[in-house]
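As a plain string of letters, each chain reads:
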Amino acid sequence: MRSFADILECARKLKKKARVAIAPAYSGPLIEMIAGCDFITPILFGDGDMLKEELIKVFGTPSGYEVYPVSDAASAIFSAVELAKYGKIDCLLQGDVSNTQFRDMVFAHGSGLLSGSPLSYISLLEYNPWQKLVMITDTLFNHSPSLKHSIKILEDAIAQAQLLKIKKPRIAVLAPLEYVNLSIPSTVHAAVLSKMGERKQLGDVIIDGPLDIDCAVSREAARRKGVSSKVSGDVDIFFVSDMESGFSFAQFLSFLGRMPMAGIVMGTRIPVILNMPFVAYENKIVEIALAILASHL
Amino acid sequence: MTAVRNFRDIDVLAVQGPPVKLAALAAHERECMLTIKLAFERGYVIPCLVGDPEKIKKMAGQIELDLTGIEVIKEKESADIAHRGVEMLFQGEVDIASKGHIPTAFIYKSIIIQEKRLGRKKNISVNTLWEIPGVDHLISLTDTGVSIAPNYAAKKAIIRDAVLLMHLFGYARPRITVLSAYTGMNQMPASFQDAGRLKQEFSGKPKPDFEFTQGNSLADVLLGNRGDPYNFSRVSYHDMPHIFLIPNLDAGNILSKLDFILPVARRSLVITSKGPVIIPSRSDMHISIVGEIALGVAVVRLMCKRDL
């Protein structure tokens, strides 16, 4: 898959519609967005009467949509998580609720939705210069992950690359230098990950690090620095050392490079889709498609 | 004063006066020497080459730079080259120093030693300036090169340098975005706490000469607090701040070099108490490095005007 259109096409080819819980579902735009997803069965949690009104407004009829009437956002999330625990839904979408409330109920230990792998967030971009999909991880959750966590985060990204049918993902482990500097932890982690990849401990991947961004994206820049790298100039996964780097990296690429962006949460038992303002609404449908594809694995 | 809005304005400023003296540290590499030659020919600088004379002469010969009248100061070790060149800047023998084929860490170390002697600054930082098409001012990303994980005091010093630069460029009240990855979905990082503290500390000033944006990310700045769905056609770049304060070195390195991907132009420098130091990346070509020299020369001229 090389574009968001490819992802949507793939999701539409699935025979069974996925059951996607939206908790809570209050606003018109969210309901309208769901209208574009012909490959899901929406399960809406919210004010029953209001939801029926919205459904009639958007679709002409409230039939064909499962509605769970609940009194407030907390009840909506609680009910959706319960359904998830019993395998009744394929995917959970954050609705009209604050990030902190959603986080505290869905990502808390004991919610039953965590897989045991650290939570991470992959920003997936239609990367204009290379006309293909590129992932950046982790862009949201991990402030300064341990090496052990970094390995897990990278393994999850590699699994996601396989879902996107990238057979042998090319991974650049980014750091401020292309040398190991013991004062800069990211360079040390990058060297270890790179060696693990070289020894096939991370599966069928091509990986290199530490690489600074110019060496990662430009063969000429790498040549000028005397760096010979197999991933230079053609990367599928940018692995960043911390969420601060990843968060801004993804946003700068997307907003200044006009590269459409979607996000994928890793580390949960079923796919969870966040309602992040930096992901354009038109790309929410791509996030849903990605979640559906993951749920069919 | 008319504000400096883009790198063309910088280039114009660089030739509005006699050439300034530049110490080129270890300029024996091809792109570095080509930079010196071009900066000399354009009338930006009178170079003084600090490094291994044999290597310097050899490379000068290869690129046909006539060294007649150009001072060459013999130093062979990287640490000595950095020390000598930066010392020349701090003693007023030159107006600018520029990095050649030498590890950057040596130069930072030399600057910090000289600043300590002077007793003026405890922290130094790299300001990376971006010219973005459609944005009517230059944008500083800082610190992009020195502090691995700046603490609160270091962030204040970094802001001071960037604000000084923006004031020199004629922006009376630059807007600063303190970047942070906090969204409420994740645990609160120090960057977000520092952002709040900075805003609180400076909000009570009677005549503030800079201001903070409300949001702490590029998306916050561009989308505001609308909270409604967006698409690219509705994003406005008019609200771009003048300064992005970057949370750590890893982020700084990535963001500052996005010119390899994005349609932006980049020039970087360190502002010391005694003048600018140019720190090009080893992957930069002479055409872009000479732009950084022009930036340094422009800053020297602007500092002279303000008697700094």
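It should be emphasised that the depicted structure is a prediction, and the values quoted were computed from it without experimental measurement. (Residues numbered from 1 in each chain as written. Chains lettered and ligands numbered in written order. Predicted model: local features only at pLDDT ≥ 70, side-chain atom pairs only at ≥ 80, totals over all residues.)

### Regarding the overall build of chain A
Secondary structure summary: chain A contains 11 helices and 11 strands in total. Relative to the compact-globule value of 19 Å for 297 residues, chain A shows a C-alpha radius of gyration of 20 Å, a close match. The 297 residues of chain A split such that 54% are buried. Sequence separation of at least 24 residues holds for 66% of the intrachain contacts in chain A that already meet a minimum separation of 6. (Helix = DSSP H or I, 4+ residues; strand = E, 2+ residues; numbered from the N terminus. Rg over C-alpha atoms; globule rule 2.2 N^0.38 Å. Buried ≥ 20, exposed ≤ 12 C-beta atoms within 10 Å, placed from the backbone. Contact = placed C-beta atoms within 7 Å.)

### With respect to the domain arrangement of chain A
Taken as a whole, chain A is organised into domain 1 (4–114 + 268–295) and domain 2 (120–257). A separation of 30 Å is found between the C-alpha centroids of domain 1 of chain A and domain 2 of chain A. (Domains from an automatic or database assignment.)

### Observations regarding the pairing of strand β10 (residues 265–272) of chain B
The side chains of a regular strand alternate between both faces of the sheet. Residue and element names in this part refer to chain B. When you tally the buried positions in β10, you get 7 out of 8 residues, the bulk of the element. As paired elements, strand β5 (residues 126–131) and β10 share 6 bridges and run antiparallel to each other. If you follow E131 over to β10, its bridge partner there is A265. Where β10 meets strand β11 (residues 275–278), 3 bridges bridge the pair, whose relative direction is antiparallel. Residue V270 lies in a different strand from β11, and its bridge partner there is V277. The hairpin formed by β10 and β11 contains 2 residues between the paired strands. (Pairing = 2+ DSSP bridges.)

### Re the interface of chain B and chain A
Taken residue by residue, the interface counts 39 residues in chain B and 46 residues in chain A. In terms of residues, the side of chain B that touches chain A owes the most to one element, helix α9 (residues 249–256) of chain B, which gives 6 residues. Here the residues of the side of chain B that touches chain A sort into 24 nonpolar, 12 polar and 3 charged. (Nonpolar A, V, L, I, M, F, W, Y, C, P; charged D, E, K, R; others polar.)

### Observations regarding the domain arrangement of chain B
Residues and elements named next belong to chain B. Along its sequence, chain B is carved into domain 1 (1–120) and domain 2 (122–272). Here the C-alpha centre of domain 2 lies 28 Å away from the C-alpha centre of domain 1. The partner domain 2 presents 14 residues to the 13 residues of domain 1 that form the contact. Here the side of domain 1 that touches domain 2 gets 5 residues from one element, more than from any other, and that element is helix α5 (residues 104–118).

### Concerning the environment of N248(B)
Position of N248(B) relative to the elements: it lies in the loop between β9 (243–245) and α9. Accessibility expressed as a C-beta count within 10 Å gives 24 for N248(B), which makes it buried. Separated by 231 residues in sequence, N248(B) and G17(B) have C-alpha atoms that sit 38 Å apart. Residues in contact with N248(B), not counting those within four places in the same chain, are E244(A), I148(B) and A149(B).

### Focus on helix α11 (residues 284–295) of chain A
Residues and elements named next belong to chain A. In this model α11 runs 16 Å from its N-terminal to its C-terminal C-alpha over 12 residues, within 8% of the 16 Å that 1.5 Å per residue would give. Most of α11 sits out of view: 11 of its 12 residues are buried. Taken as a whole, α11 has its buried residues at K284, I285, V286, E287, I288, A289, L290, A291, I292, L293 and A294. (Expected span 1.5 Å × (residues − 1).)

### Let's talk about the packing of helix α6 (residues 147–163) of chain A against helix α7 (residues 185–198) of chain A
Residues and elements named next belong to chain A. Direction vectors running N to C along α6 and α7 enclose 50°, while the axes themselves pass 11 Å from each other. Judged by the angle between their axes, α6 and α7 are oblique. In this structure, the crossing between α6 and α7 has a hand that is right-handed. The residues of α7 that touch α6, namely those facing L147, S150, I151 and L154, are H189, V192 and L193. Grouping the amino acids of the contact of α6 with α7 by side-chain chemistry returns 5 nonpolar, 2 polar and no charged. (Axes fitted to C-alpha atoms, helices over the stretch in contact; angles between N-to-C directions. Parallel < 35°, antiparallel > 145°, perpendicular 65-115°, else oblique. Left-handed = near helix turned anticlockwise from the far one by under 90°.)

### So, the sheet that holds strand β3 (residues 71–74) of chain B
Residues and elements named next belong to chain B. Sheet architecture is open: 11 strands sit in the order β3-β2-β1-β4-β11-β10-β5-β6-β9-β7-β8, paired in mixed fashion. Both edges of this open sheet fall to β3 and β8 (211–212), since each of them pairs with a single strand only. Two strands pair when backbone bridges link them, and strand β4 (residues 96–99) and β11 are joined in this way by 2 bridges, in the parallel orientation. For A97, the partnering residue across the bridge sits in β11 and is V277. On top of the sheet, helix α10 (residues 286–305) reaches β1 (20–25), β2 (45–51), β4, β5, β10 and β11; it is set at about 45° to β10, its chief contact.

### Description of the nonpolar core
Of all hydrophobic cores here, the largest spans 204 residues; its most connected members are L174(A) and A289(A). Look past the residues within four positions of A289(A) in its chain and what remains in contact with it is I7(A), L8(A), A11(A) and F39(A). (Core = buried A, V, L, I, M, F, W, Y, C linked by C-beta atoms within 7 Å.)

### Observations regarding the environment of A153(B)
All names here are of chain B. Relative to the helices and strands, A153 is located in helix α6 (residues 152–168). Using a count of 10 C-beta atoms within 10 Å as the deciding quantity, one classes A153 as exposed. Sequence separation between A153 and N123 is 30 residues; the distance between their C-alpha atoms is 9.0 Å.

### With respect to unusual backbone geometry
All names here are of chain A. For the peptide bond that leads from A23 to P24, omega is -15°, which places it in the cis range. By the secondary structure assignment, P24 is in the loop between β1 (18–23) and α2 (28–35). Omega for the bond connecting T137 with D138 falls within 30 degrees of zero, at -15°, which places this linkage in the cis form. Note on placement: D138 falls in the loop between β6 (132–137) and α6. With phi around 65°, K200 is a residue other than glycine that occupies positive phi space. Following the sequence through the fold, K200 ends up in the loop between α7 and β8 (206–211). Note on K200: 9 C-beta atoms within 10 Å, which makes it exposed. Look at R258: it is not a glycine, yet its phi comes out positive at around 50°. Inspection of the secondary structure assignment puts R258 in the loop between α10 (243–257) and β10 (261–266). Judged by local crowding, R258 falls into the partly exposed class, with 14 C-beta atoms found within 10 Å.

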